[in-house]
Amino acid sequence: FRDVTAVRKRETETRERVREVDSLTELSVLLTRSLDFDQVMGRVFERALEITGLELAWLSLFDPDTHELKVAATRGADREAVETLLLSPSGERVEDRVVSRRNPVVVENTLEDPRFSKEAVGRSGVHSLIAVPLIHEAEVAGVLTVAGSKPYHYRTRDVDLLGKLVLASALAMDKLKSKELFRLH
């Protein structure tokens, strides 16, 4: 019975991975065809939330004038509450760590993390998050963050898939910039 159970588990995992690859491929095609920033971000957020099963997402991009990250788009999250959440009482913002290390940052419980104030967590409703760097042409251009309203134990696969999603997003954003259809306000 164990052999049958193990085989079924591997088959299920294989089907799930095939669905994930198909989903990312479909998204890549859609992103390279679209010339609308809101449509591109809508698809990116939809897939990111689907991958993780979470409810909130936002994208912060570098403002070329101030050289600071600014929230450019959100899904399910209030922009002002997110910006407040990102202002850390300890002085170290999660997004800054993502940029400086060029690696994802996972926070399983914001209430236990000194980078977040309890007031800001309460206001934003964000209790866990994954922040992934958007790297284009060897530079960090922004950070994609997905978040949950409860503490959450993230899987390595969540982070890996979000990394692939962010790569597709970077290519789509580059296309929008080259066509001068997108500028951070």
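On to the nonpolar core, then. Formed by 25 residues in total, the largest nonpolar core has its most connected members in L59, L144 and V146. If you list the elements that add at least two residues to this core, you get helix 2 (37-52), strand 1 (56-62), strand 2 (69-75), strand 4 (128-136), strand 5 (139-148) and helix 6 (156-178). Counting residues in each nonpolar core, the second largest holds 20 residues, with L86, V105, F116 and A147 among its members.

Here the protein chain averages 80 in pLDDT, while 81% of its residues score no lower than 70. When the elements of the protein chain are averaged for pLDDT, helix 1 (residues 2-33) gives the smallest value, 69, and strand 3 (residues 105-107) the largest, 93. The low-confidence segment residues 179-185 (pLDDT under 50) makes 13 contacts with residues lying over four places distant or belonging to another chain.

Glancing now at the packing of aromatic side chains. A full pass over the atoms with the stated rule returns 1 aromatic pair. Between the aromatic rings of Y152 and Y154, the centroid separation amounts to 4.6 Å while the plane-to-plane angle is 70 degrees, which identifies the pairing as edge-to-face.

What counts and what doesn't
Residues numbered from 1 in each chain as written. Predicted model: local features only at pLDDT ≥ 70, side-chain atom pairs only at ≥ 80, totals over all residues. Heavy atoms only, no water. Core = buried A, V, L, I, M, F, W, Y, C linked by side-chain atoms within 4.5 Å. Buried < 20%, exposed > 50% of the residue type's maximum accessible area, 1.4 Å probe, protein only. Helix = DSSP H or I, 4+ residues; strand = E, 2+ residues; numbered from the N terminus. pLDDT = per-residue confidence, 0-100. Contact = heavy atoms within 4.5 Å. Phe/Tyr/Trp six-rings, centres within 6.5 Å; stacked < 30°, edge-to-face > 60°.

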